[in-house]
Every structure is written in C-alpha cells, then in structure tokens.
Protein chains: 2
Amino acid sequence: MNDQSRLDLYIKLVEDALERYIPNTPVAQGRLIDAMHYSLFAGGKRIRPVLLLEFCRIAGGEIERALPFACSLEMIHTYSLIHDDLPAMDDDTQRRGRPCNHKVFGEATAILAGDALLTAAFETMLDADNLEGIDPTAALSAAHTIAWASGAYGMAGGQQLDLDFEGVPQDFHTASLVHSMKTGALFCAAAEAGCLLGGADKSLINYAISYANYLGLVFQIQDDILNVTGDQELLGKSVGTDVLNEKLTFVKVLGLSRCKELVEELTQTSLMYLEPFSDTGFLIWLTERLAHRKQ
Amino acid sequence: MNDQSRLDLYIKLVEDALERYIPNTPVAQGRLIDAMHYSLFAGGKRIRPVLLLEFCRIAGGEIERALPFACSLEMIHTYSLIHDDLPAMDDDTQRRGRPCNHKVFGEATAILAGDALLTAAFETMLDADNLEGIDPTAALSAAHTIAWASGAYGMAGGQQLDLDFEGVPQDFHTASLVHSMKTGALFCAAAEAGCLLGGADKSLINYAISYANYLGLVFQIQDDILNVTGDQELLGKSVGTDVLNEKLTFVKVLGLSRCKELVEELTQTSLMYLEPFSDTGFLIWLTERLAHRKQ
C-alpha cells in the first residue's frame, strides 16, 4: 500500500467509525447531535487519529481495535475548536471554509456540542462494545493518557495560557510552552496511546512521544507561518488574524524567515526519534507532508 | 454510626480526595486551576458522590476504592453548573451564595474551567494510581456509565432540551423527560456505578437505578418548588428566576400544591425500590432529607 492510500484508508476508517459512535438518529435533542456532526464532519485533516492508528500498527497492534481511541482524539480536537472559536474566546467566524459552530447553532448549543463531544470521546473509549479483544488495563492506560493530555495540564491549560498571553510580549520559550500544551500534548497522547494499544515496550514509547512532541512544534510553527503567508481559500479560515488579535505566535517571536528554517530543522529532529522503530516510511512521508503543507 | 455522622464522613472523604485529585499547586496556568477550585469548593451538597459511596457500601464494596468515581461525579456536576450559568446559557449571576464562576474569572476561563473539570473527572477515574484493588473491567464499566449519563443522551442532552423548551408551553411528561436527562441521569449513574464497584448483581442494579431515577425527580420538583417559595438567603441563589426566564418547571406544568403532593408520593415510590437491599437506613434518611430540604 502506498502512503497516500494508507492515509486515505485511515481517514475512511476513522470517519466511518465516527458515524457509528455518534449516530445521527432522530432524538428530541437532535439539534445538539446536528451541532456535534456539523463540526465533526467538516473536513478535518484527522492527523491525531492517523498518528494513533499508525503507531498502533508499527508497534504490532491491530488498527481496528485502536479505532475507538483514534476517534476519541478527533472528538476532543473538534470540541476544542468549537470552544476556541466562541465569542468569549478567540471570537472567530470561519473554520474549515464554513461558518463556525456558534454562528450556525448559537452560542449555547455550541458550548453544549463541545461538552457533549468531549464526553462522547470518553464514552467511546470506555464502551465494552468497542473494546472487544483489548486488554482492559491497556484500554485504561490509553484513555488516561488522552484524558491527561486534554485537561488542565495539557490542551485546556495551554488554551488558558494562550488567552493570558494575548498582547503580552513573549519569547520563543514561552511560545514553545504554550503550544506544547495546546497542540503538542494531544499529538504526544496520540503516539503514546497508539503504542500502548499496539503493545510497544516502555523505551519505545518514550521515543514515540519525543517524535510527536517535535511534530507538534513543527505543525504549530507552520500553522503560524500560514496565518501570515497562507491562501485564505485553501486554508478555509481567515489569515492575518494572529497579528490582529495580538496572539502569541512563533512568527511574532522569531520572524518569518527563522520560522521557515526552524520547520526544516525540527522536522529532521522529529524524524531522528523514529529510528528505533521499523516500517516508518509512512510516518516519514506524513511528517514531511505536514511540515510543508499549504493548508 | 448515625446518619448525620455518615453523611459528614462521606462529605469529608470526598472533599479531601478532591483536593488530592486536583491539587492547587503553582503552575503557569494557575488561573485555570483557581477557577476550577472556586466552583468545586463552593459548599455543594455532594449528593451524587454520597449516593455512589453508599451504594458501593451496601453492595458490599469498600468506599475508599470508590472515591475516584464519587469525586468524578462531583467534578462533572460542577462543570455543568459553571457552563449552565454562562451568559449564553441561563445567564445567572449568583450560585451557592457567591458570584458565578464567569463573574469572577471571566467567560473564557469559566468555559475552560468547565472543560477542564469534565476532563479531570475522566482522568481521575482512569488513573492507575487511583485504581489499586479495583477490577479493571469494573472500573471501565463504572466510568462508562458516568460518561453516558453526562453526554448527549443524558445531562448535556437534557440541558439542550431545557434551552429548546424555554417559553414553549409544555406538559408533565416533557418536564419529566427533560429533568430525567438533566438531573436524573447523573443520580442514576451514581447508583449504578456504586453498585458496579461494590460488586452488586445485575438485578439489584436495576432496582438501584429505579430508586435513583425517582429520587432525581423528587429532587428536581423540590428544586422547582424552592425557586418559588424558597428563602434566597438559605438557597444562596435568586428565587423567582424560573418564571422570569420562562423555564420549563414542574410548578409551571402542575401548580405548587400538586407538586408538593407529588414530592411525597414519589418519595414513597423511590423508597420502594430500596426494598431488595439490606442496611438501607441511611439512604431512607437521605431521601426524606432531600425531599423536605429548604436549601
């Protein structure tokens, strides 16, 4: 299977499973389910679930069994986007080329849709029907890793810092801290949970986490670059918003040309950590692709 | 041990454990942790954790082992109050005699504090350090029960319906549906998870769930009564707000005097479901106390 076919396969598996885990069947609170689906199926890149599935595979596991965990990461990522876009937070209007969730469903339902997606992530990972053939202790560990990375010491804490630092002069180290929590934590959790479900041993897991940490950094720096130089049409969201909102970005603390160099350097650093694994062709391809993406 | 002492003991165990699970140690995102603590330690009644611990005990389990799950219910309940009070939702200003979370920390941090509490609930239930001596399969089942009850088909779904039905004429059955999701689901999850952790058998669990479902109904009807007849000082929140906000309440659909009768009738119904259990003195006392509470 070539790399693009593998990526397409993973995305299809994830999207089909998301439909199964959160079925859009008629219920009284249908507006809430509609709002969850609206953002869940808005053409995301599915990077976090893809990372989890691939680490599970190269660690020797079966990708189908890892699907509840992969999908949970996407539900958590989606909830965070819905809440980040709210008027009280980043006050965005467009996301992935469409109006933000609260612009379509109103703020109250958008808040609840985020809450319900976060909850659904755990419901999916803890449902015995989804865990056939998985060792319960491995399931608990993988779900715990994802919980930790999403909370006050990971993604949610990073978002708080991002808000605290708006308009405050900062340096590279602060930007790294904020983004390693806001973006990196979930990338690391994807790699770690994938390894845990695949049965990798502890030393290998540490390499996977380091790789994912650098990949997260590369991803975020490229994100900041695209917010300055990107094509609004391709990105599906407004550009130039970081400067406008006085956001703490890598471009702001390092300048555009140093950021471009850093993407190349850190991409190579991240790939170094894949060396103890075998069959890493797809991850190398994916890393390069994310580092040089235009959208 | 008399009933009041048992209640005091449970509340102390839960509050000490909450401090351990979410320590307020100095971190960069300290504002977020402060916001979480502000609402978590605001003098809540801790009914849900108390129910869970007591069902665990009468099913034959050790209450200390059930503490992560009991505390998780309180984190989830607290997150729901923070989000429900937001301007985009019920737009409240007072809760438990103090300004609402968003009035103290701002809307953005209040949203994140809710998100982080919901996440912390799962982190706590899934942390191997907290699960010593618990069968992993029972832990997964109990956590799954709590996840299901909190999400789109339980509490979050109920809140969506509550918003949808504002100002719309309704009947008793609709009010029951909304409140069995919004309040009842978490009461039922407390009873069920307690039984699961205590090792109760399936038929007994169904009785516990039915008891909790009626208790939730009694609790909510009394809540609606107190919103009309209650003492603002005692309650620590404004009264008369349901009428003002055109909320779907039991008082609205049934009138005050029928509601008072129903509290008595449904209290007796709930207690009927405790019959298959032994050592139910405390639960009977607690049920009567909640039905006749003034705050």
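Above this text is the structure in question.
Owing to the predicted nature of the structure, the values given are computational and were not obtained by experimental measurement.

A.B. asks: Tell me what's going on with the pattern of salt bridges, and back it up with residues and numbers.
C.D. replies: Residues and elements named next belong to chain A. The full count for this structure, using the stated rule, is 28 salt bridges over all chains. Across the pair glutamate 54 and arginine 57 runs a salt bridge whose closest N-O atoms are separated by 2.9 Å. Linking glutamate 54 with arginine 57, this pair stays in helix α3 (residues 47-58), spanning 3 residues, or about one helical turn. A salt bridge links arginine 65 to glutamate 62; the nearest nitrogen and oxygen atoms lie 4.0 Å apart.

A.B. asks: How would you sum up the relation of the copies chain B and chain A? Please name residues and give values.
C.D. replies: For the match of chain B to chain A, the screw axis carries a shift of 0.0 Å, the RMSD comes to 0.0 Å, and the turn is 180°. With respect to symmetry, the two chain copies, as superposed, fit the operation of a two-fold axis. Among all residues of chain B, the one whose C-alpha sits closest to the rotation axis is proline 136 of chain B, at a distance of 2.9 Å. The share of interface residues of chain B whose copies in chain A are also at the interface is 100%, consistent with both copies meeting through the same surface.

A.B. asks: Explain the interface of chain B and chain A to me, using residue names and the numbers behind them.
C.D. replies: Residue-level contacts link 49 residues of chain B with 49 residues of chain A. When the two sides are added together, the surface that chain B and chain A hide from each other amounts to roughly 4000 Å², 73% of it contributed by carbon and sulfur. Linking chain B with chain A are 0 salt bridges. When contributions to the side of chain B that touches chain A are tallied by element, the ones reaching two or more residues are α2 (30-40), α4 (63-84), α6 (107-126), α7 (136-150), α8 (155-164) and α9 (172-198) of chain B. Counting residues per element, the side of chain B that touches chain A draws most heavily on α6 of chain B, at 12 residues.

A.B. asks: Go over the side chain of lysine 247 of chain A with me, naming the residues and quoting the values.
C.D. replies: Residue and element names in this part refer to chain A. Along the polypeptide, lysine 247 turns up in the loop between α12 (241-244) and α13 (250-254). Side-chain polar atoms of lysine 247 contact the side chain of glutamate 166, separated by 2.9 Å. Other than its neighbours up to four places away in sequence, lysine 247 contacts Asp90, Asp162, Glu166, Asp242 and Lys252.

A.B. asks: Tell me what's going on with the environment of lysine 294 of chain A, and back it up with residues and numbers.
C.D. replies: Residue and element names in this part refer to chain A. Within the secondary structure, lysine 294 sits in the segment after α15 (281-291). Look at lysine 294 and you get exposed, because its relative accessible area is 56%. A sequence separation of 65 residues divides lysine 294 from threonine 229, and the C-alpha atoms of the two residues are 9.4 Å apart. When sequence neighbours within four positions are dropped, the list of residues in contact with lysine 294 reads Leu226, Leu234 and Leu235.

A.B. asks: Quick rundown of the packing of helix α10 (residues 202-229) of chain B against helix α14 (residues 256-272) of chain B? Include the residues and the values.
C.D. replies: Residues and elements named next belong to chain B. Running from amino to carboxyl end, α10 crosses α14 at an angle of 155°, the nearest separation of the two axes being 9 Å. In terms of orientation, α10 and α14 fall into the roughly antiparallel class. When you trace α10 past α14, the crossing you get is left-handed. Between α10 and α14, the residues in contact are Tyr211, Tyr214, Leu215, Leu217, Val218, Ile221, Gln222, Ile225, Val228 and Thr229 and Leu256, Cys259, Lys260, Leu262, Val263, Leu266, Thr267, Thr269 and Ser270, respectively. For the contact of α10 with α14, the per-class residue count stands at 13 nonpolar, 5 polar and 1 charged.

A.B. asks: So what about unusual backbone geometry? Which residues, and what values?
C.D. replies: For aspartate 91 of chain A, which is not a glycine, the phi torsion comes out positive at approximately 50°. Of note in the backbone geometry, arginine 46 of chain B takes a positive phi value of approximately 60° without being a glycine. Among the residues examined, arginine 46 of chain B registers a relative accessible area of 2% and is labelled buried.

Basis of the calculations
- The numbering scheme is per chain: residues are counted from 1 as the chain's sequence reads.
- Chain letters start at A and ligand numbers start at 1, both assigned in the order the entries are written.
- The predicted origin of the model limits local features to residues at a pLDDT of at least 70 and limits the giving and counting of side-chain atom pairs to 80 or more, whereas totals for whole chains, interfaces and linings rest on all residues.
- Side-chain measures were taken over the full set of non-hydrogen atoms in the model, leaving aside hydrogen atoms and water.
- Each reported salt bridge corresponds to a side-chain nitrogen of Lys or Arg within 4 Å of a carboxyl oxygen of Asp or Glu.
- Strands here are runs of E lasting at least two residues and helices are runs of H or I lasting at least four, both read from the DSSP assignment and numbered beginning at the N terminus.
- Our superposition of the copies is a least-squares fit, built on the C-alpha atoms of residues whose pLDDT is at least 70 in both.
- Residue contacts are defined here by distance: any two heavy atoms, one from each residue, within 4.5 Å place the two residues in contact.
- A 1.4 Å probe defines the accessible area here, and the buried area is the portion of it lost by two parts on being joined, summed over both.
- Counted as a polar contact is a pair of N or O atoms within 3.5 Å, where, for protein atoms, one must be capable of donating a hydrogen and the other of accepting one, and residues adjacent in sequence contribute only when both atoms are in side chains.
- The classification of residues rests on relative accessible area computed with a 1.4 Å probe and restricted to protein chains. Under 20% of the type maximum is buried, over 50% is exposed, and intermediate values are partly exposed.
- Between N-to-C directions, angles cover 0 to 180 degrees, with each direction set by a line fitted to C-alpha atoms, over the stretch in contact for helices.
- Any angle between 65 and 115 degrees counts as roughly perpendicular, while under 35 counts as roughly parallel, over 145 as roughly antiparallel, and the rest as oblique.
- Left-handed describes a crossing in which the near helix is turned anticlockwise from the far one by less than a right angle; the clockwise case is right-handed.
- Each residue gets one of three labels, nonpolar for Ala, Val, Leu, Ile, Met, Phe, Trp, Tyr, Cys and Pro, charged for Asp, Glu, Lys and Arg, and polar for the others, Gly among them.

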